[in-house]
Amino acid sequence: MKKIKIVIERSADLFGAYAENVKGVTGGGNTIEEAKQSVLETIRIIKAHHSSENIPEILKGDYELVYKFDVQSFLEYYKGIFTPAALERIAGINQKQIQHYSTGHRNPRPAQRKKIETALHKLGHELIAVEL
């Protein structure tokens, strides 16, 4: 299935979103959820108001949206689910360091970002395998 990579970033006063691989797909809002909805609305408008030859090929047929966050935005969005203590347990990164990342006082090095991402993906695979 085709993937549209949506980058979500925090600015001083809002969250911005844009597609890395589709020209003209952007959005924004006061929250990450509003930015996501804004992107969906932009895609709807593109598909509804452009002739079929002017619609980007990736938007024709089936596709899925994949969200790419900066670490601070991710930690803020999921703060009720992933506490610093929980992330320390699954990623092996000190809680104080995670707190610095979530406030924006520090940015993680690429290796630390990868460590967090890998731990989250591993947790996701474990959760998919759970039956209750």
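Residues numbered from 1 in each chain as written. Predicted model: local features only at pLDDT ≥ 70, side-chain atom pairs only at ≥ 80, totals over all residues. Heavy atoms only, no water.

A.B. asks: Sorry if this is basic, but what is going on with a nonpolar patch on the surface here?
C.D. replies: Residues Leu127, Val130 and Leu132 make up a contiguous nonpolar surface patch of roughly 400 Å² in combined accessible area. Along the chain, the position of leucine 132 falls in the segment after α5 (110-128). (Patch = residues over 30% accessible without salt bridge, like charges linked within 9 Å, V, L, I, M, F, W, Y side chains within 5 Å. Areas by Shrake-Rupley, 256 points an atom, 1.4 Å probe, with all protein chains shown as cover. Salt bridge = Lys/Arg side-chain N within 4 Å of Asp/Glu carboxyl O. Helix = DSSP H or I, 4+ residues; strand = E, 2+ residues; numbered from the N terminus.)

A.B. asks: Looking at this model, I keep getting lost on the nonpolar core. Mind explaining?
C.D. replies: As a rule of thumb, soluble globular proteins bury nonpolar side chains together. Grouped together as the largest cluster of nonpolar side chains are 17 residues, with contacts concentrated most on Ile4, Ile6, Val22, Val25 and Leu59. Of all the secondary-structure elements, those providing two or more residues to this core are β1 (2-10), β2 (15-19) and α1 (32-49). Discounting residues that sit within four places of it in the chain, leucine 59 has contacts with Ile4, Val22, Ile43, Ile46 and Lys47. Judged by nonpolar contacts, the second largest core, of 12 residues, contains Phe82, Ile93, Tyr101 and Ala119. (Core = buried A, V, L, I, M, F, W, Y, C linked by side-chain atoms within 4.5 Å. Buried < 20%, exposed > 50% of the residue type's maximum accessible area, 1.4 Å probe, protein only. Contact = heavy atoms within 4.5 Å.)

A.B. asks: When you look at helix α3 (residues 84-91) in this model, what are you seeing that I'm missing?
C.D. replies: Turn by turn, an α-helix covers 3.6 residues, leaving residues three or four places apart pointing in a common direction. Those residues of α3 that sit buried are Ala86, Leu87 and Ala91. The buried side chains of α3 occupy one side of the element, clustering within an arc of 105° when seen end-on. Close packing links the buried residues of α3 with α2 (71-77), α4 (95-103) and α5. At the exit of α3 stands glycine 92, carrying a positive phi of roughly 75°. (Arc of directions from axis to C-beta.)

A.B. asks: Honestly, the side chain of lysine 36 in this entry has me stumped. Any pointers?
C.D. replies: Positionally, lysine 36 belongs in helix α1. Although lysine 36 is buried, it forms no salt bridge, and the closest oppositely charged side chain is glutamate 33 at an N-O distance of 4.5 Å. Once residues within four sequence positions are removed from consideration, lysine 36 is found in contact with Ile8, Tyr67 and Tyr77. (Lys, Arg positive; Asp, Glu negative; His and termini not counted.)

A.B. asks: Help me understand the packing of α3 against α4 in this model?
C.D. replies: Packed helices, taken two at a time, are described by the angle between their axes plus the distance between the axes. As a packed pair, α3 and α4 sit with axes 9 Å apart at the nearest point and diverge in direction by 120°. When the interaxial angle is binned, α3 and α4 end up oblique. Seen along the crossing, α3 lies across α4 with a hand that is right-handed. The segment α3 lies against α4, with Pro84, Ala85, Leu87 and Glu88 engaging Gln95, Ile98 and Gln99. In the contact of α3 with α4, the residues fall into four nonpolar, two polar and one charged. (Axes fitted to C-alpha atoms, helices over the stretch in contact; angles between N-to-C directions. Parallel < 35°, antiparallel > 145°, perpendicular 65-115°, else oblique. Left-handed = near helix turned anticlockwise from the far one by under 90°. Nonpolar A, V, L, I, M, F, W, Y, C, P; charged D, E, K, R; others polar.)

A.B. asks: Got a minute to help me understand the pairing of β2 in this structure?
C.D. replies: Moving residue by residue along a regular strand, the side chains alternate between the two faces of the sheet. In β2, alternate side chains face the same way, and those of Phe15, Ala17 and Ala19 are buried while those of Gly16 and Tyr18 on the opposite face are not. In this structure, β1 lies alongside β2, joined through five bridges in antiparallel fashion. Across the sheet, isoleucine 6 pairs through a bridge with alanine 19, a residue of β2. Following β1, the chain reverses through four residues before pairing antiparallel with β2. (Pairing = 2+ DSSP bridges.)

A.B. asks: Would you take a moment to explain the pattern of salt bridges for this structure?
C.D. replies: Pairing is possible between side chains of opposite charge, provided their charged atoms come close. A full pass over the atoms with the stated rule returns six salt bridges. Between glutamate 76 and arginine 10 there is a salt bridge, with the nearest N and O atoms lying 3.8 Å from each other. One end of the pair, glutamate 76, is in helix α2; the other, arginine 10, is in strand β1, and 66 residues separate them in sequence. Glutamate 76 sits in the partly exposed class, given a relative accessible area of 28%. Classification of arginine 10 as partly exposed rests on a relative accessible area of 35%. Note that lysine 122 and glutamate 126 form a salt bridge whose closest N and O atoms lie 3.8 Å from each other. With lysine 122 and glutamate 126 both in helix α5 and four residues apart, the pair spans about one turn of that helix.

Purely geometric stuff here, so don't read any function into it on its own.
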